[in-house]
Amino acid sequence: MYWQDQEDKGKQYVVPDEVMDLSFKVQCRQLPLDHAYDLSRTIQVTLPWIAEEPLAGIHLIHGAESGNGWIRPQEPDALLSLSRRTRFMLRLPKHRIPDAMQIAGKRMQVGEHEMILSQPQEKLLSPHTTIFARYIVTDHLTDEEAFLEQAYQWLKDQGIQATKMMSGRAHVLRTPEDNLATRSLMIDSLDKEESVHLQQRGLGRGRKMGCGLFLPHKGIDAVRQSQEK
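A closer look at helix H1 (residues 36–46)
Reasoning step 1: Those residues of H1 that sit buried are Ala36, Leu39, Ser40, Thr42, Ile43 and Thr46. Considered in projection along H1, the buried side chains sweep an arc of 165° and stay on one side of the axis.
Reasoning step 2: Residues of H1 that are buried in the fold lie against strand E3 (57–58), strand E7 (87–93), strand E8 (107–110), strand E9 (113–117) and strand E12 (164–173).

Written out as structure tokens, the structure reads:
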């Protein structure tokens, strides 16, 4: 006789801690909207080992979309006003977290702006099955369908068969050497393991410039409903 019980569907998924986010409060009044290069350079000077860590990522500082009549600017040279609630995050392998703690309290120059980070909080990655990346480096800045096909192939290479994806805004992140053409990407209906895997590994290149890094999101259906209003 061969007997195999079905997996307990109610078994709680435990998020691994091998890759985590360090979340810092930001003391800085303003940053350029396109601050990817300056922020990346500053962090890599302060934490020089981060360039050699393939799973390390530097999240960009996004701030609010709008509030009290203020609307987030879209021009790259515009200044982004930061509030006391603004957070900056580093995505790091667990063994590097103690090394990254040294960045707290240091005065750093991001372009022409001074920034000081608080003592950070450690955050596990999310098991949420809908995730979103603001910046995925692509060869298809203006062709949404080609971008989605490219993303689908990258996911397939990681063993993930995507069934629901949505492309969003296109951005160009400027650097002195090579500008990065990016589009945002939402992926829905993942398994929890797939979601955490993508948050750990990312998609495409440019992790030290804030690209390919996924965060949990409310979902495609909610976005569609808001667009239809």
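Having put the structure on the table, let's press on.
Points about the environment of Gln30
Reasoning step 1: With respect to the helices, strands and loops of the structure, Gln30 is situated in strand E2 (residues 30–32).
Reasoning step 2: The exposure class assigned to Gln30 is partly exposed, which follows from its relative accessible area of 30%.
Reasoning step 3: For the pair Gln30 and Leu79, spaced 49 residues apart in sequence, the C-alpha to C-alpha distance is 6.1 Å.
Reasoning step 4: Those residues within four positions of Gln30 in sequence are excluded, and the remaining contacts are Leu79, Leu80, Ser81 and His113.

Some thoughts on the environment of Leu92
Reasoning step 1: By the element assignment, Leu92 lies in strand E7.
Reasoning step 2: In this structure Leu92 comes out as buried when scored by relative accessible area, which is 0%.
Reasoning step 3: The spacing of Leu92 and Ile58 is 34 residues in sequence and 8.8 Å in space, taken between C-alpha atoms.

Focus: the nonpolar core
Reasoning step 1: Counting residues in each nonpolar core, the largest one holds 35 residues, and the members touching the most others are Leu39, Ile43, Ile50, Phe88, Leu90 and Met115.
Reasoning step 2: Taken together, the elements giving at least two residues each to this core come down to strand E1 (19–27), H1, E7, helix H2 (97–100), E8, E9 and strand E11 (131–137).
Reasoning step 3: Of the residues forming this core, the biggest block, four residues, is contributed by E1.
Reasoning step 4: Non-local contacts of Ile43, meaning those with residues more than four positions away in its chain, are made with Ile50, Ile58, Phe88, Leu90, Ile103 and Met108.
Reasoning step 5: Within the second largest apolar cluster, 15 residues are counted, among which are Ile160, Ile187, Leu198 and Phe214.

With respect to the pairing of E12
Reasoning step 1: Here E12 runs beside strand E13 (residues 180–188); their pairing, made up of eight bridges, is antiparallel. Pairing of Lys164 across the sheet is with Asp188, part of E13.
Reasoning step 2: Counted along the chain from E12 to the antiparallel partner E13, the turn is six residues long.

Looking at the sheet that holds E12
Reasoning step 1: Here we have four strands laid out as an open sheet, ordered E12-E13-E11-E14, and antiparallel in their pairing. Each edge of the open sheet is held by one strand with a lone partner, namely E12 and strand E14 (215–216).
Reasoning step 2: Looking at chain direction, E11 and E13 are connected through five bridges and run antiparallel. Following the sheet pairing, Phe132 is matched in E13 by Met186.

Quick notes on the rules
- Residues numbered from 1 in each chain as written.
- Predicted model: local features only at pLDDT ≥ 70, side-chain atom pairs only at ≥ 80, totals over all residues.
- Heavy atoms only, no water.
- Buried < 20%, exposed > 50% of the residue type's maximum accessible area, 1.4 Å probe, protein only.
- Helix = DSSP H or I, 4+ residues; strand = E, 2+ residues; numbered from the N terminus.
- Arc of directions from axis to C-beta.
- Contact = heavy atoms within 4.5 Å.
- Core = buried A, V, L, I, M, F, W, Y, C linked by side-chain atoms within 4.5 Å.
- Pairing = 2+ DSSP bridges.

In short, shape yes, function no, at least from these values alone.
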